[in-house]
Each structure stands twice: as structure tokens, then as C-alpha cells.
Amino acid sequence: MTPQLQNALLKARNDLRETAPLIHCITNPIAINDCANGILAVGGKPIMAEHPDEVEEITCIAGALGVNIGNITDARRTSVLTSAKAAKTAGVPISFDAVGVTCSALRRDLTHTLLREACPEILKGNDAEIRAIAGAHFESRGIDVLRTNTAETIEIAKMLASTLHCVVLVTGKTDIITNGETTELCENGTPRLSLVTGTGCMVHALCASYSAVTDPFTAAVLAVSTMGICGELAERKSEGLGSFRIALLDALSLLSDDDYTRLLQLREV
Ligand SMILES: Nc1ncnc2c1ncn2[C@@H]1O[C@H](COP(=O)(O)OP(=O)(O)OP(=O)(O)O)[C@@H](O)[C@H]1O
Ligand SMILES: Cc1ncsc1CCO
């Protein structure tokens, strides 16, 4: 990590708390509450709105837009595209979480329409989701990854980022963040994060939050490293998955710059 990136990460943490921008999220009902609380914990102001007749208005007054296709409905499918197009016109940065794009033609079609018509600044998925979007071989079951090959996925993510001119974030044991030229790997986290539903969706909500105050690359690095570090801190303070989930929100709201810097495990490749 360069000193410039380290400074940008700390500045973005502070700027989000200072400016508290409105973050418009269209997400799934499984994770909606955790996403809203996650945004609040790091300093943003969430608004979860998805009615097709109001989303354009809301996107246009937001500092960033987060769209997630984890539990798609007719209304959300319409709203995702309406909001993303409005965001492009208004210059509002978009983060897109391609949850389950591996699972159905509906999600694949929606994803490719979105990438074509209103390409996000940050494209996020797990290993299988990013591979599926790139047209590469993937192994998954439902929304879960069955097998990864990090070295290969890095190359796929770089190619996708270069083609789409966006930042690609691949989550997993090792998180990959790339804009096609610069690539960082984040080793923070704990397997427990994958045992609680919606932690990937929360990473996405943090991407949207930080993209309101910094460039998409810094925002994606900060979002995923924050979740990883807070997962590590929460694991030390909890017993089962219920107390882990609560401890995770505590850690997100209490994380200091010193602890963030001390625990950060980032390396450029
Ligand atoms: N085995 C692991 N070890 C360490 N951290 C992990 C591991 N698996 C996932 N994580 C972390 O958990 C968070 C969520 O990533 P994950 O890949 O599970 O997202 P996801 O598949 O989109 O999740 P969901 O669909 O449940 O929201 C990330 O911060 C990631 O770094
Ligand atoms: C369990 C589940 N199913 C669709 S979305 C989701 C939340 C994690 O992405």
C-alpha cells in the first residue's frame, strides 16, 4: 500500500463521519436492516427506497447509490435500472452488488443491461459472481462459492475492470480490489463473516457510503477492509453467531483510526 492510499483511506473515514452524506440503497429484505445500520455505524445516512415511482427523485439528492439484486422483484428490477440511469445523469456514484448472478437468467440479463446502460463505479461480487459476469468458468451453489482460484480470479477481475472502466471488488477469504491497473489484496476477515447472512451486502453498503466521499478504488478498499477488521474484532468478543452479529455492529461503530491502521492487511500485487 502506498502512503497516498493510506492517507486517502484515513481521510475518507473522517470525511464520511464529518459530512454524513445520504446513501440511497436498493437492496434485499434479508440484509436491509443490517445495511442501514452498517451505513449509520460508519457515519453515512441511509435511505432504503425502492418504489419505481420515487427512486429517481431520491437518487438525485443522494451522495451515492447502492444497488443489490439479492432478492429481485418486478419493482426492484425496474427501480434498479431507473435509479442507475438517474445516477449516471446526476453524477452520483453507483455501487452494484451482483448477488446471485450465477443463479438465474433474470439476474444475468439485468446485470448485463445495467453494465451496458449505466455502468457502476464499483462492481462487487464473490468469486463465482465476478467470474460469471466475465463469462469465465465458476463453481457455485445458490449464492455461495464452491471453489476459488485466487490467482486466476485476479486476472479475470483485472480484465473486467479494464473492459468496463470501473473498480471490481471480489470478496472472499482474500478480497481483490482492482481498477485494471492497480490491484490490492486484503487478507482481513474471518470465516465467521460468511456464516452470517448479509455481510457481503453490508460490504456493498459501505462501498456506496465511502464512494460518496472518495474515489471508487479507495472506497472499495476501505469498505472491504473495514468489514474484515471488524469481523476479526467481533470474533474476539462473541460466542455464537447471534452475538457475533451484534459485536460486528459494535466494532463498525467503534473502530478507531489507530486500530484500523494497525490491523489492516493490504498488499499490492
Ligand atoms: N473465509 C473467509 N475468511 C475471511 N474473511 C472472509 C471469508 N469469507 C468471507 N469473508 C469476508 O466476509 C465478507 C463478506 O464476503 P462474502 O464473500 O462472504 O460475501 P457474499 O458472498 O456477498 O455474502 P452475502 O451474500 O452473505 O452477503 C467480506 O468482508 C469478506 O472479506
Ligand atoms: C440469503 C440470501 N438470499 C438471497 S440474498 C441473501 C442475502 C445474502 O446475500
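Residues numbered from 1 in each chain as written. Chains lettered and ligands numbered in written order. Predicted model: local features only at pLDDT ≥ 70, side-chain atom pairs only at ≥ 80, totals over all residues.

Asker: What exactly am I supposed to notice about unusual backbone geometry here?
Answerer: Note on backbone geometry: most residues besides glycine have negative phi, and most peptide bonds are trans. Residues other than glycine seldom take positive phi values, yet Ala20 does so here, at roughly 40°. Checked against the element boundaries, Ala20 lands in the loop between helix 1 (3–19) and strand 1 (22–26). One non-glycine residue, His165, adopts positive backbone phi at about 55°. By secondary structure assignment, the location of His165 is in the loop between helix 7 (150–164) and strand 8 (167–171). (Helix = DSSP H or I, 4+ residues; strand = E, 2+ residues; numbered from the N terminus.)

Asker: Got a minute to help me understand the site of ligand 1 in this structure?
Answerer: Taken together, 21 residues are adjacent to ligand 1, and Thr171, Lys173, Gly189, Leu193 and Gly200 come closest. Contributing elements (two or more residues each) for the shell around ligand 1: helix 8 (199–211) and helix 9 (216–237). Counting residues per element, the shell around ligand 1 draws most heavily on helix 8, which supplies 4 residues. Considered class by class, the residues forming the shell around ligand 1 number 8 nonpolar, 11 polar and 2 charged. (Near = placed C-beta within 6 Å. Nonpolar A, V, L, I, M, F, W, Y, C, P; charged D, E, K, R; others polar.)

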